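# Analysis of the macromolecular model
Next come the chains, spelled out residue by residue.
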Amino acid sequence: MGISILGLAWRSLLNRWASAMLTLVSVALSVALFLGVEKARTAARAGFDNTISGTELIVGAPSGQINLLLYSVFRLGNATAEVSWPTYERLAARDDVAWAVPISLGDSHRGFRVMGTTPAYFDHYKYGARQELRFARGDRFQDIFDAVIGAQLARDLGYDVGSPLVLTHGLGSQGLSDHDNRPFRVVGILAPTGTPVDRTLHVPLEGITAMHVGWETGTRNPLADTLGEALIRSFDLTPKTVTAIFVGLKQKGSLLRTRRAINTDRSEPLLAIIPGQALGELWAIMGNAERVLLAISGFVIAVGLVSILTSLLTSLNERRREMSILRATGARPGHILVLMLAEAGGLGLAGSLLGVGLVQLLFLVASPVLTASYGITLIGTGLSAVDGLTVLGVTGAATIIGTPAALVALRRSLADGLTVKV
Amino acid sequence: MGAGPCLDLEDLRFSWPGQAPLLEIRRFDLGMGEKLFLRGPSGSGKSTLLGLIAGVLAPQAGRVTVLGQDQARARSSQRDRLRADRLGVIFQMFNLVPYISVLQNVALPCRFSAARAKRVAAAGGVEAEARRLLVQLGLDDPLLLSRPVTTLSVGQQQRVAAARALIGGPSLIIADEPTSALDADSRDRFIALLKAEVETRGAALLFVSHDPALSGHFDRSIDLGSLNLAARAEGAV
């Protein structure tokens, strides 16, 4: 029946629930912003870092290493130039190269990128902790008009093995520049990977060449439709150029040497990049923006904490009588301190826990949307040590920031004596 | 408890910072179990005197011996301890913590004083003792106990405050104008109940009021104006 000091602090706070709720919400929102930024940052980074592994070099036409990385791996942006087929063949024949997989980009299907490649791609492309691509249904392409689609593409467009589809020239919307004279057929659907592969339509390089017969000027030659499929199949469909080449080496130790050899190749200007290093450069650029964002959200937490102090200080007047009564009934200065600090710390604790909950809820709702619209897979947005540390930190900081209010309350309760002032 | 007086003031002087002396008292005492009426108009320094006795204020000079402890020389923690363990205080009004129950209000001193909690435990437990006190002070309606304290009448609130002051067997009850917000009927009833309960428990009572009509209820009556040299000096000017 008796009531503890913490019980008193709790009941007192309940008695002022409206202002307590506002303080709680401001702390919760500030913590949610901070954790949201922090988690989105690390999750996006983990997502990017997980996209490609096991590929030692990516070779393309000279541009910038970030540019090459973005278009070859993330299907963002476009290649400015291509690599000739003989160069690919020479590269693949190098003694230090274990495998070389060419890719050809440039077409699309209902907003998804189309990538021409060789069946070896499914052996060598790895993501995450060297995980291989797996087929959920069907198998790799055999015929030049076969297509293998990513998990998300299959889900979004409702395709299954056997579905026919028509590719679009370039990245424009479907319609005028469709390759509708050369329909493809889905033969395999990949299991989800959480990488841009999920949003990619894979076809054989020969298929890319075949559907571009008659498109040499960039638009459709009206005569192209007169060429029968059998005739096209009889052509040499080896591509003249490819967009980029994924390379695996026999020995990792030769990485820098091989890279230098490719970069200084006399026959054709080339750029070879190390994916991890290019990612590192990308993050170095994004790092500053991240730090600014983190600093801002840190300041927002400070504002949330100040709101605790504000609410404590403004509550002191209405609590003056309460403090006097407690002092008169035997409360020592320590009790008054505990009463005030418990309120500050309690608001910090409850507010930050609420903030953690808000962020979890937010990612639960936003993750699928982000993946669907931007192909960004957030990894590791669940509860982590960062959440725990933030809750601890905010609770501790709130208790510390409550100290001035506690000292004011103490000083007043001593100065007021027993006189209960209204 | 010892044989000495409950309260013994000698050559006490007190002034608020930067102000003229408010209190200057040569001698003032109160025996164990004595019920004393201290009369004084508002602003005469009554509440300050009670603050000095209760040990929340410290005098500039003199001796304030309460239950054997000189409050003027005791450390603030010792004064806090004496107040928590052995004093009971009743204010003019707004005595109760608004957001806890009647019983929790009555039990409050046992939370701050282990000595009081121990005495109450020996008497049958906090809740039983709180209920007993409330019944003896005329609050025997069980419905009353479940109501928020802010919905009680002022008279009822004052009796809850009296029960709180009395719980755990304090030796001295200090009442600062406890009846000034009450009408004549409930005032007399309150004083009668308080006196009876103080007597059964053997505590001393220092009852302060501006109303001389109440003095008849008590063993002895003193006028603060005649006691306080500072006030007399001021009056002479």
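## Things to note about the interface of chain B and chain A
Every contact between the two is made by 30 residues of chain B and, on the other side, 29 residues of chain A. Taken together, the two surfaces of chain B and chain A that pack against each other cover about 2,700 Å², and 66% of this comes from carbon and sulfur. It is B:F91, B:Y99 and B:F112 that lose the most area in chain B upon contact with chain A, and together they represent 30% of the buried surface on that side. At the boundary of chain B and chain A, one finds 1 salt bridge. Where B:D80 meets A:R327, a salt bridge forms, and the shortest distance between an N and an O atom there is 3.4 Å. Linking chain B with chain A are 5 residue pairs in polar contact (both at pLDDT 80 or more), by the criterion used here. In terms of residue count, helix 3 (residues 102-112) of chain B provides more of the side of chain B that touches chain A than any other element does, 7 residues in total. Its residues assigned to classes, the side of chain B that touches chain A comprises 20 nonpolar, 4 polar and 6 charged.

## A look at the sheet that holds strand 7 (residues 172-176) of chain B
Residues and elements named next belong to chain B. If you trace the 5 strands from one edge of the open sheet to the other, you get 6-7-8-3-9, paired in parallel fashion. The sheet terminates laterally at strand 6 (87-90) and strand 9 (220-223), the two strands that pair on one side only. Mean inter-strand twist for the sheet, computed between neighbouring axes without regard to direction, equals 15 degrees. For strand 6 and strand 7, the ladder comprises 4 bridges, and the chain directions are parallel.

## A short note on the confidence of the model for chain B
Model confidence for chain B is summarised by a mean pLDDT of 86, while 96% of its residues fall at 70 or above. Across the interfaces of the predicted complex, the ipTM metric reaches 0.86, alongside a pTM of 0.73.

Rules of the game
- Residues numbered from 1 in each chain as written.
- Chains lettered and ligands numbered in written order.
- Predicted model: local features only at pLDDT ≥ 70, side-chain atom pairs only at ≥ 80, totals over all residues.
- Heavy atoms only, no water.
- Contact = heavy atoms within 4.5 Å.
- Buried area = accessible area lost by both parts, 1.4 Å probe.
- Salt bridge = Lys/Arg side-chain N within 4 Å of Asp/Glu carboxyl O.
- Polar contact = N/O pair within 3.5 Å; in protein donor to acceptor, adjacent residues only side chain to side chain.
- Helix = DSSP H or I, 4+ residues; strand = E, 2+ residues; numbered from the N terminus.
- Nonpolar A, V, L, I, M, F, W, Y, C, P; charged D, E, K, R; others polar.
- Pairing = 2+ DSSP bridges.
- Axes fitted to C-alpha atoms, helices over the stretch in contact; angles between N-to-C directions.
- pLDDT = per-residue confidence, 0-100.

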